[in-house]
Amino acid sequence: MDDSREAAPGAQAALRKAVPPPALCGFLLLLALVFTGSYAVGELVGPVAPGMHATPSGGSADEDGAPGGAGHGDGAGHGDGAGH
């Protein structure tokens, strides 16, 4: 007598709902490969502009001691009422 039985139909349906479709898995794998490849190429070619480097930790780009220092938001030359 053979007592081997297949899983109940309800268990198979629950398993199918828990597993994402193969197309979604393939898309996510392709997306991860594209991002990994673009990151690797970016690391190889370096910065996009000469002299570009990361800002120092704890500061902004305007605090690098460059002379002048008049940037956006400091109010210099923006409608101060002086006729030019």
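Because the structure is a prediction, the values reported are computed rather than measured.

Calculation notes
Residues numbered from 1 in each chain as written. Predicted model: local features only at pLDDT ≥ 70, side-chain atom pairs only at ≥ 80, totals over all residues. Heavy atoms only, no water. Helix = DSSP H or I, 4+ residues; strand = E, 2+ residues; numbered from the N terminus. Buried < 20%, exposed > 50% of the residue type's maximum accessible area, 1.4 Å probe, protein only. Areas by Shrake-Rupley, 256 points an atom, 1.4 Å probe, with all protein chains shown as cover. Patch = residues over 30% accessible without salt bridge, like charges linked within 9 Å, V, L, I, M, F, W, Y side chains within 5 Å. Salt bridge = Lys/Arg side-chain N within 4 Å of Asp/Glu carboxyl O. Expected span 1.5 Å × (residues − 1).

Student: Looking at this structure, how should I read the overall build of the protein?
Tutor: When helices and strands are counted, the protein shows two helices and zero strands. Taking all 84 residues of the protein together, 0% fall into the buried category. For the protein, the accessible area works out to roughly 7,800 Å², and carbon and sulfur atoms hold 64% of it.

Student: What am I meant to see in a nonpolar patch on the surface here?
Tutor: Together, Leu24, Phe27, Leu28, Leu31 and Phe35 give the surface a local cluster of nonpolar side chains, amounting to about 490 Å² of exposed area. For leucine 24, the position within the fold is in helix α2 (residues 22-45).

Student: Whenever I open this one, α2 confuses me. Can you help?
Tutor: Every α-helix winds through 3.6 residues per turn, so residues three or four apart in the chain are directed the same way. The terminal C-alpha atoms of α2, which comprises 24 residues, lie 35 Å apart, in line with the 34 Å expected from a rise of 1.5 Å per residue. Counted residue by residue, α2 has zero buried out of 24 residues, so it is predominantly exposed.

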